[in-house]
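Coordinates in review
Here are the chains, one letter per residue:
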Amino acid sequence: MKLGEYQELTYIKKVDFGIYLAENRHSEEKVLLPAKQVPKDLKLGDTLNVFLYKDSRDRLIATTNEPKLTMGELKVLTVKEVGKIGAFLDWGLEKDLFLPYKEMVGRIEAGDEILVSLYIDKSTRLCATMRGIYHLLSLDSPYKKDDTVTGRVYEFSDNFGTFVAVDDQYSARIPKHEDHSYLKIGDVIEAKVTAVKEDGKLDLTLREKAYLQMDKDAEKLLEIIDSYAGVLPFSEKASPEVIKRETGLSKNAFKRAVGHLYKERIIDLAGGKIRRVK
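Anyway, here's the lowdown on the structure attached to this text. (Residues numbered from 1 in each chain as written. Predicted model: local features only at pLDDT ≥ 70, side-chain atom pairs only at ≥ 80, totals over all residues. Heavy atoms only, no water.)

Details of the sheet that holds strand S18 (residues 274–276)
The sheet built from three strands is open, its strands ordered S16-S18-S17 with antiparallel pairing. Edge strands, defined here as strands with exactly one partner in the open sheet, are strand S16 (231–232) and strand S17 (267–268). Pairing of S17 with S18, which is carried by two bridges, proceeds in the antiparallel orientation. By the bridge assignment for S18, Ile267 is matched with Arg276. (Pairing = 2+ DSSP bridges. Helix = DSSP H or I, 4+ residues; strand = E, 2+ residues; numbered from the N terminus.)

Structure (structure tokens):
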């Protein structure tokens, strides 16, 4: 009996509340299929393809209903509720799928759609996990450099950036130097492919091409200057870390925005500061 998987089992016994299935007539291990799910034309000795999971009392049970996720798969499931010990996900069966707190990689809320896989915990129960997704994603995407793709955020890393599952199945990453502070786990984003690595992983950017992005960055920079009462206490000579922390822009993007505003005579750069003049 393989928990979390489909199995072809034989109908060996009928009871008032359903039928028992086993690998064959002589098997000692058997599993119940509830009466409401038994096909009308099923006869003793017939075989039936069923999914095995555990009911609300942690008893092994068979179902002809189709779960949204099986063992070894990676799928998007909706969070139904978040409680004190974890979250419960809708996976198409009567008993919701439990996602323990220790298997989460970020804060989630009811209604979120998140990527998860199945595992069997120490109590031999089926549970969901948001961890290990990286290793389940495909490396043979059809995309190439400069393609626009859609992906789902599934993890953040201080060292590597934002991890994204393109089309919910291909491995991709937004580099750490790009601002991801406004993103959350489960967000679906549109991004541009900047590179396809030798191993097939995709590098992405949320930024448009420099000449298209510049006006947006310049507008953002003006808002920041205004928040400093019209004088930014540092210039493009500041370290990339300071610029990133204070503006959310990379140093190159910051310099392009400064250059654009200076050319339009909106700012002045005297005295090592950036000052708004109109």
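Quick look at a negative patch on the surface
On the surface, Asp215, Glu219, Glu223 and Glu264 cluster together into a negatively charged patch. Secondary-structure assignment places Asp215 in helix H1 (residues 210–227). (Patch = residues over 30% accessible without salt bridge, like charges linked within 9 Å, V, L, I, M, F, W, Y side chains within 5 Å. Areas by Shrake-Rupley, 256 points an atom, 1.4 Å probe, with all protein chains shown as cover. Salt bridge = Lys/Arg side-chain N within 4 Å of Asp/Glu carboxyl O. Lys, Arg positive; Asp, Glu negative; His and termini not counted. Charge placed at Lys NZ, Arg CZ, Asp CG, Glu CD.)

Some remarks on unusual backbone geometry
For residues besides glycine, phi is generally negative; the peptide bonds are generally trans as well. Of note, the phi angle at Thr124 is positive, near 55°, even though the residue is not glycine. You can see Thr124 is positioned in the loop between strand S9 (113–120) and strand S10 (126–129).

Here we look at the environment of Lys273
Mapped onto the secondary structure, Lys273 falls in the loop between S17 and S18. Residues Lys273 and Asp41 lie 232 residues apart in sequence; the distance between their C-alpha atoms is 82 Å. When residues no more than four places from it in sequence are discounted, the contact partners of Lys273 are Val231, Leu232 and Asp268. (Contact = heavy atoms within 4.5 Å.)

A short note on the nonpolar core
Grouped together as the largest cluster of nonpolar side chains are 35 residues, with contacts concentrated most on Leu89, Trp91, Leu99, Ile114 and Leu204. Setting aside residues up to four positions removed in sequence, Ile114 forms contacts with Lys75, Val76, Leu77, Val79, Leu89, Leu99, Ile108, Met130 and Ile185. With 18 residues, the next largest nonpolar core counts Leu222, Phe234, Ala238 and Ala253 among its residues. (Core = buried A, V, L, I, M, F, W, Y, C linked by side-chain atoms within 4.5 Å. Buried < 20%, exposed > 50% of the residue type's maximum accessible area, 1.4 Å probe, protein only.)

Considerations on the environment of Thr10
Within the secondary structure layout, Thr10 lies in strand S1 (residues 6–15). Given a relative accessible area of 10%, Thr10 falls into the buried group. What Thr10 contacts, discounting residues up to four positions off in sequence, is Tyr20, Leu21, Ala22, Glu23, Asn24, Gly45, Asp46 and Thr47.

Concerning the packing of aromatic side chains
The tally for this structure, following the rule as stated, stands at nine aromatic pairs. Look at Phe51 and Trp91: their rings are 5.8 Å apart centre to centre, the planes differ by 80°, and that puts the pair in the edge-to-face class. On the criterion of sequence distance, the pair formed by Phe51 in strand S4 (residues 47–54) and Trp91 in the loop between strand S7 (86–90) and strand S8 (97–100) is long-range, its members being 40 residues apart. The residues Phe51 and Trp91 share a single accessibility class, namely buried. The structure contains a cluster of three or more aromatic residues connected by ring pairs, namely Tyr6, Phe51, Tyr53 and Trp91. A cation over a ring is seen here: Lys30 above Tyr20, with NZ or CZ 5.4 Å from the ring centre. (Phe/Tyr/Trp six-rings, centres within 6.5 Å; stacked < 30°, edge-to-face > 60°. Lys NZ or Arg CZ within 6 Å of the ring centre and 35° of its normal.)

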